[in-house]
Amino acid sequence: MPPSRDPQLDPTAQPGATPYALDRRRFVGYVLGGATLVAAADLVLVDVPRAAAQVPTGPQPAELYDLNDMLTDAARPTANLITVTINKDGTASFALPRAEVGQGITTSTAMLIAEELDLPVGKVRVSLAPARPELLFNQLTGGSNTTISTYTPIRVAAAVARAALLDAAAIVLGDTVANLTAKGGVVTAPGGGSVSYGELATRAARSGPSTREVQLKAQGDFAVVGRPTNRVDALAAVTGRKDFTTDLQVPGALPTMVCRAPTLNGTPVRVRNRRDVLRMLGVTHVVIVSTGVAVRARTFGQCIDAVRALDVVWKEGPVAGESDETILAELRAAQLPMPQLPDTPLSKTVSGDFTFFFRSNSAMDTNSAIADVRADRATIWSGLKSPIVAQQRIAERLGMAPDQVKVNVVTSGGSFGRRLFFDGALEAAEISQKMGKPVKLMWHRADDARVGRTHPMGTCRVQAQVVGQEVVAFNQSLTCVETDYRHGLGEIITSAAADLPAGVGNLGFAETIFALTQEVPYDFGVVTQTLVETDDRFNTGSMRNIYSPDVRVASELVVDKLAATMGLDPYQFRRKFQRNPRLLAVLDTVAQAGEWGRAMAPGTAQGIAIHKEYKGVSACLVEIDTRPATTGRRIRDAVTGPRVTRVTFAIDVGLAINPRGLEAQMQGGINDGIALALTSSLHLRDGHFLEASWDNYFYTRQWNTPPDVRVIVMPSQETSPGGAGEAGVAASFAAVACAYARATGTMPTEFPINHRTLSFKPKSYVPPIPQSPRNGLRHTY
């Protein structure tokens with residue numbers, strides 16, 4: 001199949017639209033009414049050319065219009081509702097309608113504003129906007145879309161503010177705008193007179209809105225964007241001054257926890273010893289709620305003691321009695337038949353069949369929320385990536401109108417797709433209403449692992465047809481437990497649509513997202529990729545990179561088999577069949593920098609993989625050690641096994657706003673990929689997951705982190721940013737799997753590779769959480 005013609009890569013292709021017409025720098029914006037200067041973008045008025053992709057063969061959907069295009073287009077109509085404010089102290093402030101969960105978007109956003117305003121980054125204050133229902137489809141944090149969709153609106157709003165400041169400065173300084181220079185928050189005239197942004201903030205304000213045309217900075221004039229920059233919140237984070245939900249001090253909001261059923265999604269029938277628990281030290285309230293039995297006390301330690309003391313009669317959950325094996329059998333039964341391809345001396349079939357077990361979406365910052373519900377209003381604080389639909393669903397649960405519920409978005413310590421849902425906030429609101437008191441709800445780590453959102457179990461089959469030295473067909477089918485998209489596009493309309501009956505609602509979202517994210521980046525003739533989802537009884541979510549890690553691992557392992565079938569080196573095979581110049585560049589970069597093909601000791605090997613998604617491309621080369629001295633090493637309370645010893649990762653994400661932040665994102669994605677390949681999974685037994693905390697959910701630890709990691713941020717010809725939040729996972733996961741296959745001589749077919757070995761003694765289910773440790777000093781080094 002000839003390569004498709006990407007307008008950004010092929011000069012002979014017709015130009016197509018990029019998000020917000022990024023090939024143009026002239027935009028119209030507003031100066032809004034207010035006491036100080038407030039400026040906004042208006043992108044609806046910009047003439048955006050229609051996409052006109054013309055390719056000689058039928059490309060895959062994601063090559064023409066991907067998930068980021070959909071999310072960006074959805075956000076476009078309300079882009080003019082986000083504003084940059086200039087304050088009297090000379091700072092700029094901006095309420096970002098997205099969630100900061102550690103990915104660094106408050107820093108990159110501050111950089112964009114600083115760039116257009118000619119203001120130091122340190123003078124830009126970026127906060128997180130509360131739920132704003134008027135931002136329809138424009139307050140959802142997901143799909144690595146934040147920077148893509150906000151890149152131009154934020155810049156336009158800042159540029160409008162700068163222009164208004166210059167107009168006001170021209171009057172103050174008695175000169176023309178063309179003669180003035182703005183730098184560092186000060187406007188200077190040729191004669192040496194100057195005036196600060198703070199002094200101009202009131203003068204530049206307007207009593208009502210007015211429109212103006214602005215021209216954005218050319219990329220060649222950037223002084224902030226593209227330069228490695230430390231995070232604006234780094235100092236607060238490392239000194240413990242950064243506030244997360246449970247750090248907030250809301251009057252009257254006491255610690256609250258929930259006693260949960262011994263089977264997944266079981267429900268309480270009655271409490272046998274409620275009065276006894278109420279007499280325990282510090283306990284103020286014990287109430288039955290839809291998800292369990294809630295306890296409020298003076299301290300979280302007292303909550304834990306009370307939860308452990310509760311004697312509850314439970315109704316079993318919908319997956320009672322189920323296990324990994326029964327769910328796997330269900331998935332096998334739901335698989336689509338693969339095409340029957342000939343296997344002759346001239347035509348050979350190469351295939352693979354892979355299983356991916358449940359994985360946890362738990363973040364370091366557990367699911368938590370503060371709720372203060374009164375008779376006529378409610379206020380919520382939580383880390384939320386879809387706060388509008390959270391507000392709407394909470395209002396439904398409380399029997400209130402949405403405008404009676406205020407939802408505040410708080411910085412979170414990690415998400416990985418987990419915080420697209422608002423389970424903790426909804427639960428806290430219900431508890432507060434039933435108790436009649438403010439509550440500070442914290443999920444125990446056992447809650448996060450056992451009833452929190454998981455990445456669905458799935459199987460992925462690949463079948464390729466080889467004729468001579470060519471691949472003429474490539475078929476791939478992913479079958480998995482349902483991925484829950486009932487958050488919709490962040491508001492109640494699409495949320496309700498996703499909740500329609502099976503075959504109409506959530507499945508439609510799943511099929512759309514699969515089609516808009518998955519590509520086979522090789523010239524493999526006729527390519528088919530299909531998705532089947534079954535079983536909606538589990539709490540699932542879009543774990544970091546959604547379908548791509550599993551799909552890419554299965555593909556890249558079969559790519560190595562195809563290379564072996566043709567007698568080609570895995571790297572050279574990928575060079576021959578890739579069909580994107582940017583992919584070729586990152587592939588060649590990691591091969592050279594990572595010394596592909598160097599001599600390796602027996603039991604060690606290299607693996608290489610590529611990935612294309614969210615308008616970016618990546619390649620990863622790893623080295624792994626599977627020798628007994630490594631796999632058998634003993635570390636207290638640890639799972640060791642094979643160790644990745646070296647990683648070389650190259651990423652072309654388009655315009656990198658903050659290369660330092662991008663590098664950090666890739667480092668996290670690399671550790672995610674290692675965990676998914678080697679150690680991280682949930683074990684389902686008798687209707688519940690066995691894992692109950694980080695001590696038995698084996699994410700990549702320090703002793704399994706590669707001692708040699710190099711991330712290369714590629715120079716890019718792209719003038720707009722691509723998605724970075726998830727870009728590090730898929731290629732890393734696949735490269736580790738390929739390296740393991742080459743080191744051991746056996747292609748792995750189940751992930752993580754250690755899933756069949758239970759490396760810990762499960763904690764109890766009744767009581768549902770373990771006792772708080774009292775011997776912490778014995779576990780320090």
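Everything below is about the structure printed above this text.
Below you will find a few notes about this structure. (Residues numbered from 1 in each chain as written. Predicted model: local features only at pLDDT ≥ 70, side-chain atom pairs only at ≥ 80, totals over all residues. Heavy atoms only, no water.)

## Quick look at the sheet that holds strand S12 (residues 283-289)
As summarised here, the arrangement of the seven strands in space is S12-S13-S10-S20-S17-S18-S19, forming an open sheet in which the pairing is mixed. Single-partner strands in this sheet number two, and they are S12 and strand S19 (405-409). Taken pair by pair, the neighbouring strands of this sheet meet at an average axis angle of 20°, ignoring direction. Pairing between S12 and strand S13 (residues 292-297): six bridges, direction antiparallel. Within the sheet, the bridge partner assigned to Ile 288 lies in S13 and is Val 293. (Pairing = 2+ DSSP bridges. Helix = DSSP H or I, 4+ residues; strand = E, 2+ residues; numbered from the N terminus. Axes fitted to C-alpha atoms, helices over the stretch in contact; angles between N-to-C directions.)

## Things to note about the packing of helix H15 (residues 548-566) against helix H20 (residues 729-744)
Contact geometry for H15 and H20: axes closest at 8 Å, N-to-C directions at 35°. By crossing handedness, the relation of H15 to H20 is classed as right-handed. From H15, Ser 548, Pro 549, Asp 550, Arg 552, Val 553, Glu 556, Leu 557 and Asp 560 reach across to H20, where they touch Val 729, Ala 730, Phe 733, Ala 734, Ala 737, Cys 738, Ala 741 and Arg 742. For the contact of H15 with H20, a count of residues per class yields ten nonpolar, one polar and five charged. (Left-handed = near helix turned anticlockwise from the far one by under 90°. Contact = heavy atoms within 4.5 Å. Nonpolar A, V, L, I, M, F, W, Y, C, P; charged D, E, K, R; others polar.)

## Some remarks on the nonpolar core
In terms of nonpolar packing, the biggest core is built from 91 residues, with Val 471, Phe 524, Tyr 547, Leu 562 and Phe 573 touching the most fellow members. With twelve residues, H20 is the largest single contributor of residues to this core. Residue contributions to this core reach at least three from each of two domains, namely domain 1 (26-230) and domain 3 (325-359 + 453-751). Dropping the residues within four chain positions of it, Leu 562 is found in contact with Val 350, Ala 464, Val 466, Val 471, Phe 524 and Phe 573. If you look at the next biggest cluster of nonpolar residues, it comprises 54 residues, including Ala 163, Ala 168, Tyr 197 and Ile 388. (Core = buried A, V, L, I, M, F, W, Y, C linked by side-chain atoms within 4.5 Å. Buried < 20%, exposed > 50% of the residue type's maximum accessible area, 1.4 Å probe, protein only. Domains from an automatic or database assignment.)

## Here we look at the pairing of strand S1 (residues 26-32)
Side chains Phe 27, Gly 29 and Val 31 of S1 all project onto a buried face; the interleaved residues Arg 26, Val 28, Tyr 30 and Leu 32 project onto a face where none is buried. As defined by bridge partners, S1 adjoins strand S9 (residues 210-215) across six bridges and the pair is classed as antiparallel. Looking across to S9, one finds that Arg 26 is bridged to Gln 215.

## Notes on the sheet that holds strand S27 (residues 643-652)
The four strands lie next to each other as S25-S26-S27-S30, forming an open sheet whose pairing is mixed. Looking along the sheet, the strands with just one partner apiece sit at the ends: strand S25 (604-613) and strand S30 (708-713). Ignoring strand direction, the axes of neighbouring strands in this sheet form an average angle of 10°. With nine bridges joining them, strand S26 (residues 616-625) and S27 adopt antiparallel strand pairing. Counterpart to Ala 619 in the pairing with S27 is Ala 650.

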